[in-house]
Every structure is written in C-alpha cells, then in structure tokens.
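Remarks on the overall topology
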Amino acid sequence: MSGAPSHTVAPRWLGLWPAVMLTLFFLAPFGIMLAVSVAKRDASGFYEWGFDPGSYARFMSAFFAKVMAVSLSVSLAAAAICVALAFPFTVFLASLGHRMQTLVLVVLLSVLALSEVIIGFSLSTLLSQTAGIGNLFHWLGLIDAPRAYTPSLFALITGLCYIGFPFAVLVLYPPVSRLDPEIVEAARVMGASGPSAFFGVIVPNLRGAIMGAFILVFVFTLGSYLLPQLLGRSEHWTLSVHITDQAVYQSNLPFAAAMSVFLMLVALALVGLASLAGRDKGAA
Amino acid sequence: MSKTLKITYIFAILALLLAPLVVVAAVSLNGPQSLRFPPSDLSLRWYAELFAQSEWLVPLRHSLVIALLAAAVAVLIALPLALYAWGRQGLAARLLTGMGLAPFALPPVISALGFMIFWMTFGGYGQIWATIISHGIFLVTLPLVTISLGLRGIDHALIESARVMGANRWVVFRSVILPLLLPYIVSGYAFAFVLSLNEYIIAYMVAGFTVETLPVKIFNALRYGYTPILAVVSVIFVAMSALIFGLIGRFGNLPRLMGAERSQRD
C-alpha cells in the first residue's frame, strides 16, 4: 500500500470524534480507577481522594496469595485443555469446504456469545442430580445412585473450557487457515504419514500461533466472573469475583481498584507476550 | 488422517458443546415447576409464562434497548476510527486503533470497575444511558475489526478513478466506499448487538440494581432456585444468537470475517 497523501480518503478531523469518545469514556475511567486505587476508603462505600498505598500493601497477605494461586492455576489448566483440543479442531476445520466451515463457525460463535450466566446454568443442569449425567451413569449402572457433580473444581474447569474452547478456535483460525496447504502436501508426497505430517510440519510451523493462543485463552478465562460462583465453591473464587465482591458488597472501592490495576498489568503483559509469540512465525 | 476421522472429531466436540444446551431445551418443556431430564408432562406453558410476567418482560425490554443503542454507539465510534486509520501510518492512527482494541483484550471486570467508578464520580451510576455508553465503548472493538477488514478489501484504483472523474471525498465515501462497506458495518453491528445482549458484568456494576438486564435477572433468579423459565430464556438467547450468526454466515462471508484469507464462496 503506498502512503501517498492522496490515498487517505478520510479527512484528518474525522479522527477527532472517536479520539474524544475513547479518551472520555475509556481512558478517563482507567485514570480515575488508578487514582482511586491509592485513595482512602470511605465508610459510606465511596472514596476520599488521597495517597494511601495501603490497598497495594494488602497484596502481601496470605489471602491474596491464595486468590492469585487459585485464579492462575484454574485458568492455566483450562487454557491448556482448550488449546490442546482446539488446535487439531482448527486444522481439520480449515481443510473443510466453505459451507461446512461457515456452519461450524456459526455454532462456535453462538456458544461464544452466550452469556456466562446461561452457560453456568446449562452446565449446572447437565451436572445436576435430577437432570444431568449423574442420571445417565446411574441408568447405565456405573454408579449406585444419581449424584450431582456441581459445585466442584471439576465443574468449574469444565465451564472454563466450555467458554475458552470456541475462543481458542477463533484465535487459532486465521494463522491456521493461512498456512500453505502445499507444505503439508509436500510432506505427504515425501512419504510422511498423517500424524507425522501433523506433528512434524503443521505444529512446528505454527508454534508461535499456538503459544499466542494459549496466552490469550488464559487471559480470557482469567476474566471469567460468573462461572466460579455458579460452578465452583467459595474457595474457587477467582480474582475477578473478589474484585466485584470488594466493590459491590464490601464497599471497598480502593482495594477493588488496586486488584483491578494489578489484574490489568498481568493481562497487558500477557497480551504483549502473546503478540510477540504470534509474530514469531504466524505472520509469515 | 482420513477425512472421516477429521469430521468425526469436529462433530464429537460440537456435540459436547451442544449437550448442555440440548438438556436445557428439553428441561424448558417440563410441565411441572421442576428441572427434570427427560422432561415430564411436556408443555409449552413456561414459554407463555415468560411473556406474561412483567418480572421477566421488563429486563427483556431493558436488554433489547441497551443492545440496540449500544451497538449503534459502537458503530458510530468505530466507523470514523476505521476510516481515519485506513492508509494512515502515523502514531495517532496507531494509538487510536490500539485504544479501540484494548477494551476487549482485557478481562471485562477491569472495564466494569472503571465504568462503575467513573459513573459514580460524575453521576449516571444506575442510569440506563450509562450502561448504553459503557457497552458501546466496550464493544467498539467488534465493528472496528469488521470495518477495517472491509476497508482492506477495497481496491484503491476504484477510489482513484472516482477522484479523477471529479468526485470529492464525500461523494467518494457515499457512492463508492459506503456500499462496499455496508455488509461489514452490518455484521459489526450484529456482533456488538449479540454481545451486549449477553453481557453481564458491566451491566451489573454500572446499573445492576436499578436497570436489570436479562442476564442480571437470570443470575438473581438462580439464587432463589431453578424454574423452567430460566431454561426458556436460555433457549431464546441461544436461538437468537444462532439466528443472527446464521444470517451473517448466509449473506456474508463468515470464514473471511473470522480471518481466513483463502476461503472462497462456492
């Protein structure tokens, strides 16, 4: 694309409107949140301007360490399962015809767009005692009596995989579909079997994209707020749940803001890492 | 690997994804107020019940109003942004694009808390328009991505020739760019609409106690135990998403919208 000035179709002032809107309603809220994170807590549930790093000092507590450990390990497990399942899925998907691809994408998008509250409700129904797989297992004679599988860590990770899987496929889809089919063709002609072409040619070519997708799915599941409450026990509450809990129920906006700033830094660092990993090979 | 095996793998996973939704659809047909699977006394009475109870109709209306307007806000910010950034390489263009993509890349609870504190500080907390603007900003990313994709596909020679024929910027925009861009604008709007409809945490933290949206209502209702109405609402939401994405897939090029470059319509 040549950068000749005659090619810019839009006048310069057109950028002003989105700039004003995004500064006012996106940057300003973040700036205020940053300021509130060091403000003093007010008993009425609001805050008083000031400089009090006390909210950040609470990060040193055992409570916070445990919340972080739970959030990170649950999301890491879900992200690993999602990408492991999604990668072959995406490779196979990209080899299908246009109609089939569209159909599968419609299903994935519909699931991805679905509210977490509906996913949580559906999964807790599926894992419940009266309407769920417990019944099926009982009927098959695998267990003595129908039982519920929720709330539990298993249910929570299942839920996170449920929301993470379509996301993982859609993140992997562009680099996978750009991979030149002739590379695989060449490997097959040279005598590589299906699986060895897959692991010897496709996987190494897309290493960067896989790493990038893993990190993005990790950040995505880290943001889950409702599933830990609907499918997990209170000891499985993640950082997102605690941020809301502090802001809405404990009326401690400064602490909520400090945790939120922390989560943002973690997420930004990870997203930056993901785009570096993606640039590695995926852009070719 | 053989083609059959690939298709089997894809369909096995899709079946797993659809399993909870199928159970919920079946549960919604229960006659008595219980969650049984397989359902007993098949009936559609809970579907009628949903449209008779203002307890559910009010949140439904809130959700629709918010989603319709928030998606419009998102498009109205994303369209000029994409046009401005198109063909510009400078720092301003890159910063603006980054700002348009950022809300969606971060965990939503961060934006939600930011919006909550912002509206608490400047008024607007608990108001429906605050939720509309917040959703609009949060969802800018979607129309921005689809419209930018559409712009990348426009041939510059087309614009150059319109220019040579004496068309000014406005005429070029209206008669050349806009018609080519329309499908991408519509799908960006549709994506933002569906996501706003399903969004929970921002709606909850900005105005959850005064302007109940449907997801907020569902979560509140879950605390008082299960009723088949919950299943009915879920079925309607799934059907609505599937319908909208199905329409995009039918009339647009969904694989290309999702970033595949090779896939052609047959």
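Predicted model only: the values in this text are computed from it and were never measured.

What counts and how
Residues numbered from 1 in each chain as written. Chains lettered and ligands numbered in written order. Predicted model: local features only at pLDDT ≥ 70, side-chain atom pairs only at ≥ 80, totals over all residues. Heavy atoms only, no water. Helix = DSSP H or I, 4+ residues; strand = E, 2+ residues; numbered from the N terminus. Buried < 20%, exposed > 50% of the residue type's maximum accessible area, 1.4 Å probe, protein only. Contact = heavy atoms within 4.5 Å. Areas by Shrake-Rupley, 256 points an atom, 1.4 Å probe, with all protein chains shown as cover. Lys, Arg positive; Asp, Glu negative; His and termini not counted. Charge placed at Lys NZ, Arg CZ, Asp CG, Glu CD. Core = buried A, V, L, I, M, F, W, Y, C linked by side-chain atoms within 4.5 Å. Axes fitted to C-alpha atoms, helices over the stretch in contact; angles between N-to-C directions. Nonpolar A, V, L, I, M, F, W, Y, C, P; charged D, E, K, R; others polar. Domains from an automatic or database assignment. Buried area = accessible area lost by both parts, 1.4 Å probe. Salt bridge = Lys/Arg side-chain N within 4 Å of Asp/Glu carboxyl O. Polar contact = N/O pair within 3.5 Å; in protein donor to acceptor, adjacent residues only side chain to side chain. 1 Å grid on protein atoms, 1.4 Å probe; cavity = no way out; pocket = protein on both sides within 12 Å on 5 of 7 lines; lining within 4 Å. Points joined across faces, edges and corners; volume = space filled by probe spheres on them. Parallel < 35°, antiparallel > 145°, perpendicular 65-115°, else oblique. Patch = residues over 30% accessible without salt bridge, like charges linked within 9 Å, V, L, I, M, F, W, Y side chains within 5 Å. Expected span 1.5 Å × (residues − 1).

1. Observations regarding the overall build of chain A
- Helix and strand content of chain A: 13 helices and two strands.
- Its C-alpha atoms give chain A principal-axis dimensions of about 75 × 70 × 30 Å.
- Within chain A, the fraction of its 284 residues that count as buried is 54%.
- A fraction of 68% describes how many contacts in chain A between residues 6 or more apart in sequence connect residues 24 or more apart.
- On chain A, roughly 12,200 Å² of surface is accessible, and the fraction owed to carbon and sulfur atoms is 69%.
- Here chain A carries 13 positive and 11 negative side-chain charges, and the mean point of each set is 4 Å from the other.

2. Here's the deal with the nonpolar core
- Ranked by internal contacts, the top residues of the largest apolar core, which has 192 residues, are F89(A), L113(B) and I177(B).
- Of the residues forming this core, the biggest block, 16 residues, is contributed by helix 3 (residues 54–85) of chain B.
- Dropping the residues within four chain positions of it, F89(A) is found in contact with V104(A), L108(A), F165(A), V169(A), Y9(B), I10(B), I13(B) and L14(B).

3. Considerations on the packing of helix 3 of chain B against helix 11 (residues 214–223) of chain B
All names here are of chain B.
- Close contact between helix 3 and helix 11 brings their axes to 8 Å; oriented N to C, the two are set at 145°. Within the contact between the two elements, helix 3 uses E55, W56, P59, L60 and S63 and helix 11 uses L214, P215, K217, I218 and A221.
- Counted by class, the contact of helix 3 with helix 11 contains seven nonpolar, one polar and two charged residues.

4. Focus: the domain arrangement of chain B
All names here are of chain B.
- Entries for chain B in the domain assignment read domain 1 (1–43) and domain 2 (53–257).
- For domain 1 and domain 2, the distance between their C-alpha centres works out to 30 Å.
- With nine residues of domain 1 in contact, the opposing surface of domain 2 contributes eight residues.
- For the pair domain 1 and domain 2, the two sides together bury roughly 620 Å², of which 85% comes from carbon and sulfur.
- Considering only the surface of domain 1 that becomes buried against domain 2, S28, Q33 and L35 emerge as the three largest contributors, covering 58% of it.
- Between domain 1 and domain 2 we count zero salt bridges in total.
- Summed over the shared surface of domain 1 and domain 2, the result is zero residue pairs in polar contact (both at pLDDT 80 or more).

5. Let's talk about empty space enclosed by the protein
Residues and elements named next belong to chain B.
- Going through the model one piece at a time under the given rule, you end up with one cavity of 30 Å³ or more.
- Estimated volume of the largest cavity: approximately 40 Å³.
- In terms of lining residues, the largest cavity is bounded by L50, L60, L214, V233, I236 and F237.
- Per element, the largest residue contribution to the lining of the largest cavity is three residues, and it comes from helix 12 (residues 228–251).

6. Remarks on the packing of helix 9 (residues 169–198) of chain B against helix 12 of chain B
Residues and elements named next belong to chain B.
- Between helix 9 and helix 12, whose axes approach to 10 Å, the crossing angle comes to 170°. Between helix 9 and helix 12, the angle falls in the class roughly antiparallel. Counted together, S187, A190, F191, F193, V194, L197 and N198 of helix 9 and F237, M240, S241, I244, F245 and I248 of helix 12 form the full contact between these two elements.
- By residue class, the composition of the contact of helix 9 with helix 12 is ten nonpolar, three polar and no charged.

7. A word on a nonpolar patch on the surface
Residues and elements named next belong to chain A.
- A cluster of nonpolar side chains, L136, W139, L140 and L142, forms an exposed patch at the surface whose accessible area comes to about 510 Å².
- Position of L142 among the secondary structure elements: in the loop between helix 6 (133–140) and helix 7 (153–178).
- Judged by its relative accessible area of 60%, L142 is exposed.

8. With respect to helix 4 (residues 98–113) of chain A
- With 16 residues, helix 4 of chain A should reach 22 Å at 1.5 Å per residue; the first-to-last C-alpha distance of 22 Å fits that figure.
- Of all the residues in helix 4 of chain A, the buried ones are H98(A), Q101(A), T102(A), V104(A), L105(A), V106(A), L108(A), L109(A), S110(A), V111(A) and A113(A).

9. Focus on the interface of chain B and chain A
- The interface is formed by 97 residues belonging to chain B together with 96 residues belonging to chain A.
- Applying the counting criterion to the chain B and chain A interface returns zero salt bridges.
- The tally of links from chain B across to chain A stands at six residue pairs in polar contact (both at pLDDT 80 or more).
- No other element matches helix 1 (residues 3–27) of chain B, which puts 17 residues into the side of chain B that touches chain A.

10. Section: the side chain of S71(A)
All names here are of chain A.
- Its place among the elements puts S71 in helix 3 (residues 62–94).
- In this structure S71 comes out as buried when scored by relative accessible area, which is 1%.
- If we skip the residues at most four places from it in the chain, S71 touches L222, T238 and L239.

11. As for the environment of N135(A)
- Relative to the elements of secondary structure, N135(A) occurs in helix 6.
- Taking C-alpha positions, N135(A) is 47 Å from D180(A), a pair spaced 45 residues apart along the chain.
- In contact with N135(A), other than residues within four places in its own chain, are Q129(A), T130(A), P146(A) and F37(B).

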